[in-house]
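# A look at the structure
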Amino acid sequence: MQKKHISPAWLPLVVAIVSVTATLVVWRALRKQEHVQVERVVKLATYSIEADMVADMDIRIRDLADLARLWQIRDQPSKQEFETRATLYISHVPGCVAIGWISPENALKWVVPVDGDIYVRQLLAGSSESVRNKLQSTLQTRSPLVTPTIVLLQDERVVPVWVPVFAGDQFEGFIVGVFRVHPLLDDITSDHSDLGYEVVVTEARRPIYILSNAIPENEWAQEAKIELPGTEWRLRIWPGAKVFPDTLPLSRVVLLGGLIMSLQLSLTAFLGLRERNTAKRIDAVNRELTAENAERRRAEESLHRLSGRLLSLQDEERRRIARELHDSTAQLLYGLTIKLKLLSESLVSSPSQETQALSESMQMADQCVRDIRTISYLLHPPSLDELGLAPALRSLAKGFTERSGIKVDLSLPEDLGRLPRDVETALFRIVQEGLSNVHRHSGSKTARIKVFNAGGEIVLVISDDGKGFPPEILVTSAGLGVGIAGMRERARQLGGRLEIHSSSLGTEVMAILPSQYEKTIRMPVLQM
Ligand SMILES: Nc1ncnc2c1ncn2[C@@H]1O[C@H](COP(=O)(O)OP(=O)(O)OP(=O)(O)O)[C@@H](O)[C@H]1O
Ligand SMILES: [Mg+2]
């Protein structure tokens, strides 16, 4: 029993869904991993900037505190010393626009540079109550103080750094450093400026510094606190595309590759399915054709059996009619002619009209006897059954020559004995039909009949020197009558075949019988 394959038409769809889902799962996992990686990178950058800011601000505040320590060392430094140290400081610290000494009564005593006094004076004028309170409280701790940024001249945001000055226990006022926020933080973040981050520093939710790379804020933004003595800034940074060119493409490649692969897989499944369906259809057609072929072969076989049976029935019938005609009708007619002869002899003395009619009747009866004998012979020559093929063929050839005037050259093996009855009948009938065709179609004045052994096969050849077969018959077999078909069928019935070789120089019809009859015929092999 043939195995039944189930080919679901939705197989390509299932393949597509499964592979797309698998791709999406892998893509999501990769995205998550990339997310974690990017987040880690941005966090690291945030900590690094934060640490730099805190440390750099600390250095700047400490260096300013060193200036205030001059009063500790020698009550009060000289103005020149102050100016030298302050100028040096300003030259090393970008963004520092002024350093001033303010007396405990809030009067500006010294300032570097000279035109920096405007910053200090405005700062003093703009200091709020809370700033003043904070300053007051530093007198206890004697530690530096960073007060909230303030906008001074021409919209410049500055950050003031205050260091209380003590000469021994004597409060001598404050050293104040005024720093423009932008240059100050630009200097501090300079190491990070080209790393592709947007850096924003806010103070009380108000942005005081933006290091812009024109990157719109995104999901990767990180925050950190910058704690300064007296105030707190918030640092917020987020990366641009420059930060993750190496990581993000992987997931995209996986996504794109996966989708293409899914497409390919489902296409392959679809094509495979189609091919299998086609193969199944071809298989079904093949099976149908095989069944049809077997059926046709069976029909052909039964047709051959039927025609074989018909031929032998025909032979039998001919034999019976021939015997009837010869033994009964011909004998009766013969008797009739004898009686008529006797009657004519008794009437010979008185020639009259009756005698004339009687003589004509006798001639007609004679003709009838001859015709019936000929017909009886053609239907079935008595010599075939009684004497065998060779005498029957000789008699046939002789009679044929007499009737048609065509000379027949008969060549038979000398020791051709008796053959099975059906073989003798078949060969005789083939010769009979062959000679009939020579007479009717060839236009030849001669014919040859030859029987010989060729390599174990028995060959019967009937040839003539006539005009040959019409070419169209040889090419298409159209126009063949019953004669040749009968010859071929007789050869077939004996397991042999019929071959026809014809040209404008003549025709050769060959009946070739298989070797099994060779033993029966026992004849010398003809050298061809
Ligand atoms: N010896 C021959 N020489 C030339 N043509 C021949 C010869 N034998 C047969 N043919 C051609 O082959 C045709 C078919 O011959 P076939 O014996 O089958 O039919 P037929 O003789 O025409 O009719 P029938 O059925 O009475 O025999 C003939 O009509 C004739 O054209
Ligand atoms: Mg014929």
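Preceding this section is the structure that the text describes.
Before going into details, it helps to say that this report is about the structure given with it.

The rules behind the values
- Residues numbered from 1 in each chain as written.
- Chains lettered and ligands numbered in written order.
- Predicted model: local features only at pLDDT ≥ 70, side-chain atom pairs only at ≥ 80, totals over all residues.
- Heavy atoms only, no water.
- Near = heavy atom within 4 Å.
- Polar contact = N/O pair within 3.5 Å; in protein donor to acceptor, adjacent residues only side chain to side chain.
- Areas by Shrake-Rupley, 256 points an atom, 1.4 Å probe, with all protein chains shown as cover.
- 1 Å grid on protein atoms, 1.4 Å probe; cavity = no way out; pocket = protein on both sides within 12 Å on 5 of 7 lines; lining within 4 Å.
- Sits in = over half its atoms within 2 Å of the grid points.
- Helix = DSSP H or I, 4+ residues; strand = E, 2+ residues; numbered from the N terminus.
- Nonpolar A, V, L, I, M, F, W, Y, C, P; charged D, E, K, R; others polar.
- Core = buried A, V, L, I, M, F, W, Y, C linked by side-chain atoms within 4.5 Å.
- Buried < 20%, exposed > 50% of the residue type's maximum accessible area, 1.4 Å probe, protein only.
- Arc of directions from axis to C-beta.
- Contact = heavy atoms within 4.5 Å.
- Points joined across faces, edges and corners; volume = space filled by probe spheres on them.
- Pairing = 2+ DSSP bridges.
- Axes fitted to C-alpha atoms, helices over the stretch in contact; angles between N-to-C directions.
- Patch = residues over 30% accessible without salt bridge, like charges linked within 9 Å, V, L, I, M, F, W, Y side chains within 5 Å.
- Salt bridge = Lys/Arg side-chain N within 4 Å of Asp/Glu carboxyl O.
- Donors = N, O, S within 2.8 Å, 3.2 Å for Na, K, Ca; no water.

## Section: the site of ligand 1
Around ligand 1, the surrounding shell holds 16 residues, and the nearest of these are N437, H441, G481, V482 and I484. Between ligand 1 and I484, the relevant distance is 2.9 Å, taken from an oxygen atom to a main-chain nitrogen or oxygen of the residue. Protein coverage of the free-state accessible area of ligand 1, which is 590 Å², stands at 83%. At a threshold of 2 Å from the grid points, most atoms of ligand 1 map onto the largest pocket. Counting residues per element, the ones that place at least two in the shell around ligand 1 are α10 (421–442) and α12 (482–493). No other element matches the five residues that α10 contributes to the shell around ligand 1. When the residues that make up the shell around ligand 1 are grouped by side-chain class, the tally is six nonpolar, seven polar and three charged.

## Here's the deal with the nonpolar core
A general tendency of soluble globular proteins is for nonpolar side chains to be buried together. Formed by 47 residues in total, the largest nonpolar core has its most connected members in F82, I99, I175, F179, W233 and L235. Tallying contributions element by element places helix α1 (residues 11–73) first for this core, with 13 residues.

## As for helix α5 (residues 181–188)
The set of residues buried in α5 consists of V181, L184, L185 and I188. Seen from one end, α5 has its buried residues packed into an arc of 85°, which puts them on one side. Contacts from the buried residues of α5 go to α1, β5 (156–167), β6 (170–180), β7 (197–203), β8 (206–211) and β10 (231–239).

## As for the layout of surface pockets
Approximately 500 Å³ is the volume attributed to the largest pocket. Taken together, the elements giving at least two residues each to the lining of the largest pocket come down to α10, β13 (457–464), α12 and β15 (506–513). In terms of residue class, the lining of the largest pocket is made up of ten nonpolar, eleven polar and four charged.

## Quick word on the sheet that holds β8
The strand order across the open sheet formed by four strands is β8-β7-β10-β9, and the pairing between neighbours is antiparallel. In this open sheet, the two strands that pair with only one neighbour each are β8 and β9 (222–228). Taking each pair of neighbouring strands and ignoring which way they run, the sheet shows an average axis angle of 25°. Relative to β10, β7 runs antiparallel, the two sharing seven bridges. Bridging across to β10, V200 finds its partner in R236. Sitting on the sheet, α1 touches β7, β9 and β10, and the angle it makes with β9 is about 15°. The strands touched by α5 are β7, β8 and β10; relative to β8, the strand with the most contacts, the crossing angle is about 50°.

## Considering a nonpolar patch on the surface
Residues W10, L13, V14, I17 and V18 make up a contiguous nonpolar surface patch of roughly 520 Å² in combined accessible area. Locating W10 in the fold gives a position in the segment before α1. The exposure class of W10 is exposed, given its relative accessible area of 55%.

## Observations regarding the coordination of the magnesium ion (ligand 2)
At this site the magnesium ion (ligand 2) is bound by E433 (OE) and N437 (OD1), with donor distances of 2.1 Å. One end of the pair, E433, and the other, N437, are both in helix α10, four residues apart, so they sit about a helical turn from each other. Judged by relative accessible area, E433 falls into the partly exposed class, the value being 22%. A relative accessible area of 17% means that N437 is categorised as buried.

## Focus on the environment of L513
Mapping L513 onto the fold places it in strand β15. As for L513 and L427, which are separated by 86 residues in sequence, their C-alpha atoms are 9.8 Å apart.

## Observations regarding the side chain of Q432
The residue Q432 is located in helix α10 in this model. By relative accessible area, Q432 is classed as buried at 14%. Apart from the residues lying within four places of it in its own chain, the contact partners of Q432 are R318, L378 and L396.

## Some words on the sheet that holds β13
In space, the five strands of this open sheet follow the order β11-β12-β13-β15-β14, with mixed pairing throughout. Looking at which strands have only one partner, the edges of the open sheet turn out to be β11 (407–411) and β14 (497–503). On average, adjacent strands in this sheet sit at an angle of 15° to one another, irrespective of strand direction. Summarising the sheet, β11 and strand β12 (residues 446–454) pair through five bridges and their orientation is parallel. Counterpart to S411 in the pairing with β12 is K450. Each of β11, β12, β13 and β15 touches α10; the most contacted strand, β13, lies at about 20° to it. Helix-sheet contacts for α12 involve β13, β14 and β15, and the interaxial angle to β14 is about 140°.

Interpretation in functional terms is not warranted from these geometric data alone.
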